[in-house]
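Now for the letters of each chain:
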Amino acid sequence: QVQLVESGGGLVQAGGSLRLSCAASGRTIRTYAMGWSRQAPGKEREFVAAIDWSGHSTYYADSVKGRFTISRDNAKNTVYLQMNSLKPEDTAVYYCATRGGGVVARETLYDYWGQGTQVTVSS
């Protein structure tokens, strides 16, 4: 089994930056994808970004493209989400996930999820 633990969330003013981390433990495979989704109160869950094992294939939702950057450190079994130019609309609980295949944008195709980390952006 795999455990995922997110960290790095917090309170930031609009226009600021945060970097989220997600550390994986337990049994993993080399050729897996990792991703991030977010859930805000009263809104549907949104798949935000994903990255493959090599780090060269990525996906971004239109709402964050150009502002967020996903990366990974395979030696640490960790994926990062660098969030710049944050907006109040980015306020949500952010969850990381992993799957045994390549990058996809559908949440249902990911096998494991973390507990989430809260990001709050003030205006």
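Placed above this text is the structure.
As the structure is a computational prediction, the values presented were derived from the model and not from experiment. (Residues numbered from 1 in each chain as written. Predicted model: local features only at pLDDT ≥ 70, side-chain atom pairs only at ≥ 80, totals over all residues. Heavy atoms only, no water.)

Visitor: What should I look at first to understand the sheet that holds strand 7 (residues 68–73) in this one?
Guide: Within a sheet, neighbouring strands are paired by backbone hydrogen bonds and run either parallel or antiparallel to one another. As summarised here, the arrangement of the four strands in space is 1-3-8-7, forming an open sheet in which the pairing is antiparallel. Whereas interior strands pair on both sides, the edge strands pair on one side only; in this sheet they are strand 1 (2–7) and strand 7. Taking the axes of each pair of neighbouring strands and ignoring which way they run, one obtains an average angle of 15° across the sheet. In this sheet, strand 8 (residues 78–83) lies alongside strand 7 in antiparallel orientation, the contact comprising six bridges. Within strand 8, the position partnered with Thr-69 by the bridge is Gln-82. (Pairing = 2+ DSSP bridges. Helix = DSSP H or I, 4+ residues; strand = E, 2+ residues; numbered from the N terminus. Axes fitted to C-alpha atoms, helices over the stretch in contact; angles between N-to-C directions.)

Visitor: What should I look at first to understand unusual backbone geometry in this one?
Guide: Negative phi values dominate among residues other than glycine, just as trans dominates among peptide bonds. The residue Asn-77 is not glycine, and still its phi comes out positive at about 50°. The residue Asn-77 is located in the loop between strand 7 and strand 8 in this model. In this structure, Ser-85 is a non-glycine residue whose phi angle is positive, near 50°. Relative to the assigned elements, Ser-85 resides in the loop between strand 8 and strand 9 (92–99). The exposure class assigned to Ser-85 is partly exposed, which follows from its relative accessible area of 43%. (Buried < 20%, exposed > 50% of the residue type's maximum accessible area, 1.4 Å probe, protein only.)

Visitor: Help me out: how do you make sense of the nonpolar core in this one?
Guide: What tends to happen in soluble globular proteins is that the nonpolar side chains get buried as a cluster. The biggest cluster of nonpolar side chains holds 28 residues, and the ones touching the most others in it are Trp-36, Phe-68, Ile-70, Leu-81, Met-83 and Tyr-94. Secondary-structure elements contributing two or more residues to this core are strand 1, strand 3 (18–26), strand 4 (33–39), strand 5 (46–51), strand 7, strand 8, strand 9 and strand 11 (117–122). Considering every element that reaches this core, the biggest residue donor is strand 3, with four residues. For Met-83, the contacting residues outside a window of four places in its chain are Gly-16, Ser-17, Leu-18, Leu-20, Arg-67, Phe-68, Tyr-94 and Val-119. (Core = buried A, V, L, I, M, F, W, Y, C linked by side-chain atoms within 4.5 Å. Contact = heavy atoms within 4.5 Å.)

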